[in-house]
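Here is how the chains run, residue by residue.
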Amino acid sequence: MIFAGIDVGGKNVHVVIAKNGTILAKVGGPAGINKAEAAEQLYEEALKRAGLKRGDVTRVVATGSSGSRVAFANGVIPDAAADARGVIKLIPSARTIIDVGGEEGRAIKISPEGKVLDFAINERCAAGTGTFVDTMARALEVPVEEMAKLSLKSTRSIPMNAQCAVFGESEVVSLIHQKTLKHDIARAVHDAIAGRIGSVARIVGLEKDVVMIGGVAKNAGFVESLKGAIGMDVKVPDDPDFVSALGAATAAATGVLEEKVKAKVVEKEKIEEGKA
Amino acid sequence: MAKYKTKGLDCWGRAKELRMKYYQDYMEAHKRGALRWEGGAWTFDAVPQALEGEVHALTEEPYGASVGANPELQVRYQEAAEGKWGCARDLCAYMRSYWGSIVLNEFAFGGEWPKADFIFQNHICCSHAKWLQVADELEGGDIPFFCFDVGAGAYDKIGERQINYVVEQLYDGIEFLERVTGRKVSDEKLIQNVYNTYDSACYWAKACELNQAIPAPLDEKTMFSLYVLGTLEKSNTDIAHFYKNELYPETKDRVANKIAAVADEQCRVLGDTQPPWGFLRIFRYLEKYGVVSIASLYTFSLIGWWKIDGKGKIVPYPTLEEQGITIKDRDHALRLLAEGELKGKLMWAPFYGAKYKNDIVTKIAKQWKCDAAIIHLNRGCEGTAQHQMEMKIALQNMKLPVMTFEGNMADEREFDEGRTTRLIDLFVTENLGLKKVAD
């Protein structure tokens, strides 16, 4: 059977289609304002890449802050649960997950079976999210993709405010005026968020292996800063921004769904029996 | 089919009526030649209410909460306070609403802001210490102001010296009241007020104690509308009567007949601090999973008095009747009032350290048979939100699943309902392993 997971986050949508544990297609793109439409389009694209039609997919599970907007999903699971399912599949030794996306940073403690034991969220604050990096990259006038390379060049640690993205931006502007080198500022930005995320992670307790996922995990400069902030090694799986979608697909496969999913599947099977 | 029988409280309407009468009386006081005073919910109202003639109070926090229940109103009042003073948004949310109300010359219950004749306040926290001083400035700076300190120590440190410390200040308070109002403090009224205060505080505690029953006869969302009367005027005869003769007997009856607050109770949750007042529907959202909030130090002890008995259990503080005490005179009344407040109000204990809060809260979790805890990290009140993360660890050490969510009791700009319900879904399905019982 074929399953799909769709992660609709604040900034991006990620889709994973899998069969028997093998990923057939992975597609990601901006969520935009109309997230339902973005999810629909990206799902269609993923199906096309996998050479499939909608009817070939047995179950679709959505997750993410706007997962409930995916009208065609058979069910929705909470994002931290999707993170747990996805990470444990890729890295069975994982016990602490740090997920930093566009609009939220969270730490999750998981069991060896991939169950969420505890969680902590960096709530209502851009300063612990990918948005902070985007904002600072704009202030530095560098593409956000360059931030990692820049910060890894730095050999200097500069303390920086990470309580507020707005204050952080004005601090970056001040550092620029003081002729601070861009790579040192980039590192300061990463260190600042890492300190904040590290504090969130300590709420659930840091137990190895610590795995980082989400879009910001692609930023090697941030990952280095995070290792420094928590004093531990951090593993990053390939395509870390797809892990939550993978987790949702895994949940679809293992039947962890809401009641309405079961009713819809039963009804679909009855219709198919009738046709046969 | 529902798991338990349920029905609404018979005394609910009476509670609503008493609350509205309180605000109506305050608004209309001057028309009847009555006095008006401002103070806090913990301000030993028995004393100013002992003045001869008709006297009505406006307590700050319940007013702030009333504004908080209306998100649009709270933002308007807070922005007025922030605009007038540039006051920071991390100040007490109730206080900002209160100041904004005065700045706009609006009373949340209708009409213009009703100016007080005097202020009688105690310093239970740094916000309260400044709150009414600033309110007085906003109202013209000519309202006579009296305050007294109650930082006497936690409940296990209260002895004669601590009681004397407060009582001596209350005598100063009486002298102040008589001087600024031209009226006398009646010993007869004072004594009755202290009897009423004990009844209000102890019978509320007794009603809360009954929530140890399964199913719980009361849910926290309902309890918010019931404890509020004690924050308005514990010394009021009608309010004391309500707790002793209406709410408590009805709650006992519900326990005897297994009448649940929530018919599908399957998980009992411990809360903490004030809720986000404009979004109490999150309690109803929890009930879709059969999760009922039934206990919290805040709800139990904001007005309720308790003690730790010889076996280390939290039990209601004894009434004067149970103690076999008949109040003799003014001094006896004041001493009993101070003793009850200082020893019985466990809500003061967290101000003295996490150790106290952890001890009390873990006892509550055990005695009230809580299955989990959901803690509102309340940015609006630093006092009640003290030690919440230490408390989380203490509860987790008891193997209780704990969830936290950020918010503000009376500033809707700091609460994200969508995110909070998603966190609830995560916690309830993953950590508690529950499914919805209702849609």
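Note that the structure is a prediction, hence the values are computed from the model and not measured. (Residues numbered from 1 in each chain as written. Chains lettered and ligands numbered in written order. Predicted model: local features only at pLDDT ≥ 70, side-chain atom pairs only at ≥ 80, totals over all residues.)

Trainee: Looking at this structure, I do not really get the overall build of chain B. What am I missing?
Mentor: Within chain B, the secondary structure is distributed over 15 helices and twelve strands. Taking 439 residues into account, the globule formula puts the C-alpha radius of gyration at 22 Å, and chain B, at 21 Å, falls close to it. Counting across all 439 residues of chain B, residues that qualify as buried make up 52%. Taking all contacts inside chain B whose residues are at least 6 apart in sequence as the whole, residues at least 24 apart take part in 78%. (Helix = DSSP H or I, 4+ residues; strand = E, 2+ residues; numbered from the N terminus. Rg over C-alpha atoms; globule rule 2.2 N^0.38 Å. Buried ≥ 20, exposed ≤ 12 C-beta atoms within 10 Å, placed from the backbone. Contact = placed C-beta atoms within 7 Å.)

Trainee: I would appreciate a short explanation of the overall build of chain A in the present structure.
Mentor: A count of helical and extended segments in chain A gives nine helices and ten strands. Taken against the 2.2 N^0.38 rule, which gives 19 Å for 276 residues, the C-alpha radius of gyration of chain A at 20 Å falls within 12% of a compact globule. Along the first, second and third principal axes, the C-alpha set of chain A runs to 75 × 35 × 30 Å. The buried share of chain A, taken over its 276 residues, is 53%.

Trainee: Help me understand the domain arrangement of chain A in this model?
Mentor: Buried accessible area, meaning the area lost when the parts come together, often serves as the stated size of an interface. All names here are of chain A. Taken domain by domain, chain A holds domain 1 (2-82 + 242-275) and domain 2 (93-236). Each partner contributes to the interface: domain 1 provides nine residues, whereas domain 2 provides nine residues. Among the secondary structure elements, those contributing two or more residues to the side of domain 1 that touches domain 2 are helix H2 (79-90) and helix H8 (243-254). Here the residues of the side of domain 1 that touches domain 2 are counted per class, giving three nonpolar, five polar and one charged. (Domains from an automatic or database assignment. Nonpolar A, V, L, I, M, F, W, Y, C, P; charged D, E, K, R; others polar.)

Trainee: Can you help me understand the pairing of strand E11 (residues 372-378) of chain B in this one?
Mentor: On any regular strand, side chains alternate: one points to one face of the sheet, the next to the other face. Residue and element names in this part refer to chain B. Of all seven residues making up E11, six are buried, and the element is well covered by its neighbours. Alignment of strand E7 (residues 267-270) against E11, held across two bridges, turns out to be parallel. Across the sheet, the residue bridging to valine 269 is alanine 372, located in E11. For E11 and strand E12 (residues 402-407), the ladder comprises six bridges, and the chain directions are parallel. Among the inter-strand pairings, isoleucine 375 is bridged to a residue of E12, identified as threonine 404. (Pairing = 2+ DSSP bridges.)

Trainee: For this particular structure, what's the right way to read the interface of chain A and chain B?
Mentor: Taken residue by residue, the interface counts ten residues in chain A and twelve residues in chain B. Contributions of two or more residues to the side of chain A that touches chain B are made by H2 and strand E8 (116-122) of chain A. Among the elements that line the side of chain A that touches chain B, the one with the most residues is E8(A), at three residues. When grouped by side-chain class, the residues that make up the side of chain A that touches chain B number six nonpolar, no polar and four charged.

Trainee: What am I meant to see in the sheet that holds strand E1 (residues 2-8) of chain A here?
Mentor: In a beta sheet, neighbouring strands pair by backbone hydrogen bonds and run either parallel or antiparallel. Residues and elements named next belong to chain A. Spatially, E3-E2-E1-E4-E5 is the arrangement adopted by the five strands of the open sheet, whose pairing is mixed. Every interior strand has two partners, whereas the edge strands, strand E3 (22-30) and strand E5 (75-76), have only one. Against the sheet, helix H1 (residues 35-50) makes contact with E1, strand E2 (12-19) and E3, and its axis sits at roughly 145 degrees relative to E3, the strand it touches most. Each of E1, E2 and strand E4 (57-63) touches H8; the most contacted strand, E1, lies at about 140 degrees to it. (Axes fitted to C-alpha atoms, helices over the stretch in contact; angles between N-to-C directions.)

Trainee: Sorry if this is basic, but what is going on with the sheet that holds strand E4 (residues 118-123) of chain B here?
Mentor: Residues and elements named next belong to chain B. Across the sheet, four strands lie side by side as E3-E2-E4-E5; this open sheet has parallel pairing. Looking at strand neighbours, the two that pair on one side only are strand E3 (55-59) and strand E5 (145-149), the edges of this open sheet. Each strand axis lies, on average, 20 degrees off the axis of its neighbour in the sheet, ignoring direction. In this structure, strand E2 (residues 35-39) lies alongside E4, joined through two bridges in parallel fashion. Looking at the pairing, tryptophan 37 lines up with phenylalanine 118 of E4. Along the sheet face, helix H2 (residues 60-68) touches E2 and E3 and points at about 60 degrees away from the line of E3.

Trainee: Any chance you could explain the confidence of the model for chain B here in plain terms?
Mentor: Low pLDDT means the predicted atomic positions in that stretch should not be read closely. A residue-level look at chain B finds 100% of positions with pLDDT of 70 or above and a mean pLDDT of 96. Across the interface, the model reports ipTM at 0.80; the global pTM reads 0.89. (pLDDT = per-residue confidence, 0-100.)

Trainee: Help me out: how do you make sense of the nonpolar core in this one?
Mentor: Side chains of nonpolar character tend, in soluble globular proteins, to be buried together. Counting residues in each nonpolar core, the largest one holds 224 residues, and the members touching the most others are Ile6(A), Val15(A) and Ala249(A). Both domains that furnish three or more residues to this core are identified here as domain 1 (2-82 + 242-275) and domain 2 (93-236) of chain A. (Core = buried A, V, L, I, M, F, W, Y, C linked by C-beta atoms within 7 Å.)

Trainee: How should I be thinking about the pairing of E2(B) in this particular structure?
Mentor: All names here are of chain B. Of all five residues that make up E2, five are buried, and the element is covered over most of its length. A two-sided burial pattern is seen for E2, the buried positions comprising Leu35, Trp37 and Gly39 on one face and Arg36 and Glu38 on the other. Bridge analysis of E2 against E3 gives five bridges, and the strand direction is parallel. Bridge pairing in E3 places leucine 35 opposite valine 55.

Trainee: Sorry if this is basic, but what is going on with the environment of Tyr63(B) here?
Mentor: All names here are of chain B. Tracing the chain through its elements places tyrosine 63 in helix H2. Put simply, tyrosine 63 and glycine 140 are 77 residues apart on the chain and 21 Å apart in space, counted from C-alpha to C-alpha. Those residues in contact with tyrosine 63 that sit more than four places away from it in its chain are Leu58, Tyr98 and Ala108.

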